[in-house]
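Notes for the structure review
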Amino acid sequence: MGLSIDEVIAKIKGSLGIILDYAGIDGETAQVIKALVKKYTECSDRAGSDDDTRKLRKELTKAFYLTYKKCYFKTISDEDIPLPVKMFMYFGYMDEKLAGAENAVLLGRLADVFGTDSNGHIFTFYAWLNEIYAGRRNPSISEMSLDYEMNLRQLRQEGRITESEERELINNPVKRVEYEIDNFFFSASKIISGQVTVFCPIFSDHQLFKPLDKALVPYKAIYDNINSIREVDFSCFYRETVYTNPDMGIQKEYVQVEVYPDIILMPAAGSRGAMWQEISGRKRTTPARFVLPFFANDDIDKAIVRMCGEFRWELCRRIQGARWNDLSDPSITADYCDYIETFKKNRELSAEQREKIKSDYRKYRNSTKEMFVHDYMDLIMFESKGSLRLNKVARDIMFKYCPFKKEIRTELAKNGMYTKIVEKYEIKNKHSLHMSDLVMQKIKNSGNDIPEEIRTHRMFLES
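About the criteria used
Residues numbered from 1 in each chain as written. Predicted model: local features only at pLDDT ≥ 70, side-chain atom pairs only at ≥ 80, totals over all residues. Heavy atoms only, no water. 1 Å grid on protein atoms, 1.4 Å probe; cavity = no way out; pocket = protein on both sides within 12 Å on 5 of 7 lines; lining within 4 Å. Points joined across faces, edges and corners; volume = space filled by probe spheres on them. Nonpolar A, V, L, I, M, F, W, Y, C, P; charged D, E, K, R; others polar. Pairing = 2+ DSSP bridges. Helix = DSSP H or I, 4+ residues; strand = E, 2+ residues; numbered from the N terminus. Axes fitted to C-alpha atoms, helices over the stretch in contact; angles between N-to-C directions. Contact = heavy atoms within 4.5 Å. Patch = residues over 30% accessible without salt bridge, like charges linked within 9 Å, V, L, I, M, F, W, Y side chains within 5 Å. Areas by Shrake-Rupley, 256 points an atom, 1.4 Å probe, with all protein chains shown as cover. Salt bridge = Lys/Arg side-chain N within 4 Å of Asp/Glu carboxyl O. Buried < 20%, exposed > 50% of the residue type's maximum accessible area, 1.4 Å probe, protein only. Expected span 1.5 Å × (residues − 1). Polar contact = N/O pair within 3.5 Å; in protein donor to acceptor, adjacent residues only side chain to side chain.

Moving on to empty space enclosed by the protein. Here the structure, examined in full by the defined rule, presents 2 cavities of 30 Å³ or more. Size it by volume and the largest cavity reaches roughly 130 Å³. In this structure, the largest cavity is lined by 16 residues; those nearest its centre are Q195, F199, C200, Q207 and A269. Of the residues belonging to the lining of the largest cavity, the class tally is 11 nonpolar, 5 polar and no charged. What the second largest cavity holds in volume is close to 40 Å³.

And the structure:
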């Protein structure tokens, strides 16, 4: 059942003071922070661009992260965390007046009963820090694309830490969490807010463009959106890896494995998502990291499709390495880069289509990646439903590397614009299925059961 409205109101009265006391902020600093929050609450335009308001947001931002860090390290050994502190850790909430009375009560009731994702793929930022602290996940990369170990290596090379200190710090849970807060928390929250220049991390009612209960992003909505993409672009989260099993006579077999992304809900209101990194560490079969706001000012469906497009591009770049745009080693990034670089001379494109590509390229700030992402969004949201948006060249490239699921392929093959590319895919896939049959028959002949890895690969080919 959870707490009643009256119980929540009683528990969150004087929230800011409770949070600052819990964090162990000294009295003088606490008074300064309270004065800043009061001034921000009374500000006629909290998103104002004048110097005073910008300075106020900057000071509040510094106070927020200082307090968050101190609170976190206390909560990890506390079984009776005060409700306002839970609200702070989950949602960035600090003050009932700043949040608005109704919003504060709703957040309080939610924080009281909030649970973790049973599927283990979606995390609140607070739960994510627990993963970092426990060593189950590594800290995220910084805006400079440095992960925790790379940062320590750089510090050692600069002489700022010794080799022994580097070894000690690698598995230091406190330092790992501090790196995540200092390098990922602020940057990711600011990006997904969609209001980079006026961003402030403290939850405020002015950040919401719709009622709070409508803005909350439930786990189910995220899964529904991602699964709807997987029902179209079935190979999106699959990676090729090598499977060996000498006991069964399998020395080296390339198989596809699906790696579901980690999705982190940031304590922020925003209008977009971010594909933060395509793998975790160096292994290609580790989860990507997607970031979404806890409170979405727009529907999240487009944000998730966009993140999947960004993921497709960045994973290919990672796998291809220095040859990511080398046409002699075909890949989705190489083929698409060649398409953008040569479209003016491409005879398969009409003059009108060439002019549109030129216009779109300017629109997307001369970014080939942005062009690709928008074509990917058209592929998933429109082309898969028979509403053609792409030109022939772009369609051929996108379908070659992001083929639709079998049911969609069968339906689209009836359309002349898709007939040949579907036939080409089916011929290639038929050969792959035949090779898979040979491997499976060899295993059966040896008297062994088919390994899960081989079964999964077969299901991939049959999709």
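After that view of the structure, there is still more to cover.
Further remarks concern the pairing of strand 2 (residues 238-245). Judged from the 7 bridges that link them, strand 2 and strand 3 (residues 250-258) form a sheet pairing that is antiparallel. From the neighbouring strand, Y238 faces strand 3, where its bridge partner is E258.

Turning our eyes to something else, we now look at the sheet that holds strand 1 (residues 122-124). The mixed open sheet is built from 4 strands, whose spatial order is 1-4-6-5. Each end of this open sheet is capped by a strand with a single partner; those strands are strand 1 and strand 5 (274-277). Across the sheet, the mean angle separating the axes of adjacent strands is 35° when strand polarity is ignored. Two elements, strand 4 (residues 262-270) and strand 6 (residues 289-296), share 7 bridges in a ladder whose sense is parallel. Residue pairing in the sheet places G270 in a bridge with A296 of strand 6. Taken strand by strand, helix 14 (residues 301-320) contacts strand 5 and strand 6, and its axis lies near 165° from that of strand 6.

Together, I76, Y133 and V174 line one region of the surface with nonpolar side chains, adding up to about 200 Å² of accessible area. By the secondary structure assignment, V174 is in helix 11 (residues 173-193). Note on V174: relative accessible area 30%, which makes it partly exposed.

Turning to the layout of surface pockets, a few remarks are in order. Remark: the empty space left among the atoms is shown by a probe the size of a water molecule rolled over them. Considering only enclosed or pocket space, the largest pocket measures out at about 1,600 Å³ in volume. Lining the largest pocket are 43 residues, and of these E240, Q256, Y401, K428 and F460 lie nearest its centre. At the level of secondary structure, the elements contributing two or more residues to the lining of the largest pocket comprise strand 2, strand 3, helix 14, helix 18 (392-401), helix 20 (416-445) and helix 21 (452-462). Among the elements that take part in the lining of the largest pocket, helix 20 stands out by supplying 10 residues, more than any other. Classifying every residue of the lining of the largest pocket by side-chain character gives 22 nonpolar, 11 polar and 10 charged. Approximately 480 Å³ is the volume attributed to the second largest pocket. For the second largest pocket, the lining is made up of 21 residues, of which I141, S145, M275, W276 and Q277 are closest to its centre.

Here we take up helix 20. In this model, helix 20 (30 residues) spans 44 Å end to end at C-alpha, consistent with the 44 Å of a helix rising 1.5 Å per residue. Looking at helix 20, one finds that the buried residues are Y418, I421, V422, Y425, N429, L433, S436, V439, M440 and I443. Summarising the contacts, the buried residues of helix 20 are in contact with strand 3, helix 17 (368-381), helix 18, helix 19 (406-412) and helix 21. The backbone nitrogen of M417 lies 2.9 Å from a side-chain oxygen of the residue at the head of helix 20, namely N415.

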